[in-house]
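Inside the fold
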Amino acid sequence: MEAADFMPDETDIAGIKRDLEAYEARRASAYRQVRWRVPLFIGLVLVFVALIAWLFNMVADPYERWFSTPHVLLYVVGFVAAILLYFQAVKPTSTLQQSFRKTLLPIIFGFIRDMRYEHDVTPNSFDRLPRETIGTFNSKRFDDVISGRYEGFPFELYEADLRQGTGKSGTIAFKGVVVAFETIVPFPGILVAARRTNVAVGFFRGMFASKMQELSCGVPELDAAYDFHTDNVEAAQPLVSGRLAQALTWLRETWPDHPARVALNGSDGFLLLPQAKDFFELPDISVQLDYAKHVAPMISDMGAMLATAALVRKIGARDEAAG
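About the cut-offs
- Residues numbered from 1 in each chain as written.
- Predicted model: local features only at pLDDT ≥ 70, side-chain atom pairs only at ≥ 80, totals over all residues.
- Heavy atoms only, no water.
- Phe/Tyr/Trp six-rings, centres within 6.5 Å; stacked < 30°, edge-to-face > 60°.
- Helix = DSSP H or I, 4+ residues; strand = E, 2+ residues; numbered from the N terminus.
- Buried < 20%, exposed > 50% of the residue type's maximum accessible area, 1.4 Å probe, protein only.
- pLDDT = per-residue confidence, 0-100.
- Contact = heavy atoms within 4.5 Å.
- Salt bridge = Lys/Arg side-chain N within 4 Å of Asp/Glu carboxyl O.

**Here we look at the packing of aromatic side chains**
Scanning the entire structure with this criterion turns up nine aromatic pairs. Geometrically, the ring pair formed by Phe 109 and Phe 280 is edge-to-face, given 6.0 Å between the ring centres and 75 degrees between the ring planes. A residue pair is termed long-range when its members are at least 10 positions apart, and Phe 109 in the loop between helix 3 (91-108) and strand 1 (113-119) and Phe 280 in the loop between strand 7 (261-274) and helix 8 (291-312) qualify at 171 residues. A residue is classified by how much of its surface remains accessible, and Phe 109, at 0% relative accessible area, is buried. For Phe 280, a relative accessible area of 1% puts it in the buried group. Seen in terms of ring centroids, Phe 142 and Tyr 158 are 5.8 Å apart; in terms of plane orientation they differ by 80 degrees. Their pairing is edge-to-face. Of this pair, Phe 142 sits in strand 2 (residues 139-150) while Tyr 158 sits in strand 3 (residues 153-164), and the two are 16 residues apart along the sequence. Classification of Phe 142 as buried rests on a relative accessible area of 5%. Note on Tyr 158: relative accessible area 0%, which makes it buried.

**Digging into the confidence of the model for the protein**
Averaged over the protein, the pLDDT score is 81; the fraction of residues at 70 or greater is 87%. No element of the protein has a lower mean pLDDT than helix 4 (residues 199-208), at 46, and none a higher one than strand 3, at 93. Contacts of residues 199-207 to residues separated by more than four positions or lying in other chains number eleven contacts, the stretch itself having pLDDT below 50. Per-residue pLDDT stays below 50 along residues 318-323; that stretch engages in seven contacts with residues further than four places along the chain or on separate chains.

**Observations concerning the pattern of salt bridges**
Enumeration according to the criterion identifies five salt bridges in this entry. Here Arg 163 ties to Asp 161 by a salt bridge, and the two come within 2.9 Å at their closest N and O atoms. Relative accessible area serves as the criterion here: at 34%, Arg 163 is assigned to the partly exposed category. What you see here is one network of salt bridges that share partners, running through Asp 161, Arg 163 and Lys 175.

As structure tokens, then:
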């Protein structure tokens, strides 16, 4: 499919641009508001800290002025207060962008039926995603969650950030987009094609895969890039050696940056696209929103991801037909 297959027609584009004009007026107003709120809020904190520090100096020992324990505590409290007030000062912009995203996305994604948008919630399908696909993680965060129907099948698409550990010692289990969809033919068990990992990560993934058996697709490039695991070898081997291998080969060409992952769990299918990019983020509030630069790429990206999922979900059906 070409990107043009998902793009709205001229009438829809004109309607989108009218919505952008309405947003632009509110954006400019919110940006002007933030430009005076930030220096005012931060300035009030600085004045307050300086005033209290001066009062401390009036009663402090001359050798402890500016650096006594009360002073240090005051500086810490002032620093924390400045951070909190900064976020309060810019809140009108973040609120505006989030509300506009809820309005804009259903309009620009006209090829999605019964679309629903949520933010910062756990997707309904996440608990059914086989953990062998991502390994272990102790922290999770979800950004945009979009669900609806595409080409007649229901799907749930979400941006996920899954991590194991904290700080610099932490590792990313998965960061990118997950597309969950209903398969045409349910797979009798679990089948996972995940990127091949190092020994340490593989050990932790093995904790989940104790009942899973490893397979080979017979394509050297794919066997070097992927781990194939299943709890139903008889049903999985024809898929792994056939249409799944073909789909993964195509995915490597379509999404070349990082290997895409695929998982089947009964009637649930999952396509995982590792990406650092935030696909549905609006530009900074200081930037004027432009259809060609900011909106059209969103439509193209969403269409490409759903079209890819539509092809992946046909893997089992095609093999069954071929058999």
